[in-house]
Amino acid sequence: MFGKIRPFKIRSLNDNKKYGVAAGDIKELLKKGCNLLQWLRSYRIIRPHRPVRRSVFGAWFCSRRGEPLEKPGCSPEVLKLGNQALPAPPTARQRQPARPARAAGYVGRRLLADYWSPVVPLPLSGAHVCLYADGTKVTKEFFVTLPENTELVLLGKSQTWGGAICDVARLLSSDSHADDLIQVAKGLLSDEKSLKRQKILSDLIRNLEDTSELESRDEDQDWFTGVAARFKTKSAYLKDNCASRIRSYKKELDEAVRSERRAQIRIKCLQASEKLTQMLRSDKNIGCYFDRTQKEMQRLCTREGWFTCQGSFDQAKCLSLHSINPYGSRERRILFSTWNLDHRIEKKRSVIPALLEALHNHKCEDVNLDYFYRLLFTWDNLKLVHIVCHKKEAHNLQCDPQQILKADNKKRHRKKMRLK
């Protein structure tokens, strides 16, 4: 027995357009829905510029501008729509596809075939319907309780739907919808009174308004506001920014060397400092870490410019999943300056004191400066961290005593200790 026929809004899994279907029970809804979505795989329904008789040839009356391509009854071998070659339309004798106009409520609308292709079947066997809102499966008993115009999703045997959040995930997974999302978010923000939702919408707009694909000053002048004129590209600026941070660690070492009172020790420290400076210059102050144009093994970011927080010194990764793309906007460029290159083995508490102590007891040539160079300036000991993940407390990590001296000198040092 059929129940009262009621209208519903139905859509497929991969299409966000909704169509009207009237049905009295779940079986009728599934049958009409499958037929409708099969039909729509061959034709797209649009609003007409002027009313035309609905027929199989109506699909071939208009181009994308709404103008006739061929007169009814013509059977050309190929129709050309712009630069796209189309096969000939079906003749009047060929079986016409079922028309969903009444069920969908599209009376007086025109049909437009973007291209003619065989129908991809949506089998009735195994098909089921879920609520659009939360993904609840609609059973025979549940169907009778649904109000009119309930939004439903028609799914195949192996398809699933998790609710409206799936649409949000699909939108965020593609950059093609970014402009539309920005416009919608701005419209909502203009009338929003809640401070919490204002914050969410404004953050969404800031993250979607992205110009990371632009590189030069001429292409993105706003990004370079406040940046010295000598920088012509974003990569050049951020490379210099990284090199400046690395050089600041060298300055801290120089300050510790100048504080040494004994002249003999100070000379050895100055020699070590000069060698480290030469090593830095040969590596161009290691500015490559922030430069997205460098090879993958030499940079800390993706090719698009995204940086990911590596977590605090005592964690394997960032639990908050912090990320930022300073190439995307001027605001993010400024915020990126708050991110830190954090030394796991601290330079002030451990690395520099260990180096000075080694120079007190050994010649500069005997100290393993390569090891201290890696600890001070390279990602062997550096982690890029969000300011929230930058722990100021003592790390309680020490230099490896086996690495402080060069291999040959360690043997001589052990021999001297035995003689004593």
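The structure we're discussing is the one just above.
Here's a quick rundown of the structure. All figures in this text were calculated on a predicted structure; none of them were measured in a lab.

A few words now on the side chain of Arg333. The residue Arg333 is located in helix 9 (residues 330-336) in this model. One buried charge, Arg333, has no salt-bridge partner; the nearest side chain with opposite charge is Asp222, at 7.7 Å. Polar contacts involving the side chain of Arg333 include one to the main-chain carbonyl oxygen of Thr225, which spans 2.8 Å. Leave out the neighbours within four places in its chain, and Arg333 touches Trp223, Thr225, Val227, Tyr237 and Pro326.

What follows covers the pairing of strand 12 (residues 382-385). Judged by which residues are buried, strand 12 turns out to be covered on both faces: Leu382 and Leu384 on one side and Lys383 and Val385 on the other are all buried. In terms of strand pairing, strand 11 (residues 340-343) meets strand 12 through four bridges, oriented antiparallel. If you follow Leu341 over to strand 12, its bridge partner there is Leu384.

Another aspect to go through is the sheet that holds strand 2 (residues 19-23). Spatially, 2-1-8-7 is the arrangement adopted by the four strands of the open sheet, whose pairing is mixed. Each edge of the sheet is formed by a strand with only one pairing partner; in this case those strands are strand 2 and strand 7 (128-131). Within the sheet, the average angular offset between the axes of one strand and its neighbour, ignoring direction, is 45°. For strand 7 and strand 8 (residues 151-155), the ladder comprises four bridges, and the chain directions are antiparallel. If you follow Val129 over to strand 8, its bridge partner there is Leu154.

Attention now moves to the nonpolar core. In this structure, Ile246, Phe290, Phe307 and Phe372 are the most contacted members of the largest nonpolar core, which totals 55 residues. Mapped onto this core, the elements with two or more residues apiece are helix 7 (234-258), helix 8 (263-282), helix 10 (347-361), helix 11 (369-377) and strand 12. Looking at this core, the element that brings in the most residues is helix 7, giving eight residues. The residues touching Phe307, leaving out its near neighbours within four places in the chain, are Tyr289, Phe290, Leu300, Cys301, His322, Ser323, Ile324, Pro326, Tyr327, Phe336, Trp339 and Leu384. With 19 residues, the next largest nonpolar core counts Ala23, Ile26, Leu36 and Leu152 among its residues.

Quick look at the packing of aromatic side chains now. Each aromatic ring pair is specified by the distance between its two centres and by the angle formed by the two planes. For the structure on display, the rule yields 11 aromatic pairs. A centroid spacing of 4.7 Å and a plane angle of 35° characterise the contact between Phe307 and Phe336, whose relative ring orientation is tilted. With a gap of 29 residues between them, Phe307 in strand 9 (residues 307-308) and Phe336 in helix 9 connect regions that are remote in the sequence. According to the relative accessible area criterion, Phe336 is buried, its value standing at 1%. Measuring from centroid to centroid gives 5.3 Å for Tyr373 and Phe377, while their planes differ by 65°, and the two rings are edge-to-face. With Tyr373 and Phe377 both in helix 11 and four residues apart, the pair spans about one turn of that helix. For the pair formed by Tyr373 and Phe377, the shared burial category is buried. Of the aromatic side chains, those joined through ring pairs into one cluster are Trp223, Phe224, Phe231 and Tyr237. Over the aromatic face of Phe143 sits the side chain of Arg6, whose NZ or CZ is 5.0 Å from the ring centroid. Lying across the ring of Tyr132, Lys18 places its NZ or CZ 4.8 Å from the centre.

How each quantity is defined
Residues numbered from 1 in each chain as written. Predicted model: local features only at pLDDT ≥ 70, side-chain atom pairs only at ≥ 80, totals over all residues. Heavy atoms only, no water. Helix = DSSP H or I, 4+ residues; strand = E, 2+ residues; numbered from the N terminus. Buried < 20%, exposed > 50% of the residue type's maximum accessible area, 1.4 Å probe, protein only. Lys, Arg positive; Asp, Glu negative; His and termini not counted. Salt bridge = Lys/Arg side-chain N within 4 Å of Asp/Glu carboxyl O. Polar contact = N/O pair within 3.5 Å; in protein donor to acceptor, adjacent residues only side chain to side chain. Contact = heavy atoms within 4.5 Å. Pairing = 2+ DSSP bridges. Axes fitted to C-alpha atoms, helices over the stretch in contact; angles between N-to-C directions. Core = buried A, V, L, I, M, F, W, Y, C linked by side-chain atoms within 4.5 Å. Phe/Tyr/Trp six-rings, centres within 6.5 Å; stacked < 30°, edge-to-face > 60°. Lys NZ or Arg CZ within 6 Å of the ring centre and 35° of its normal.

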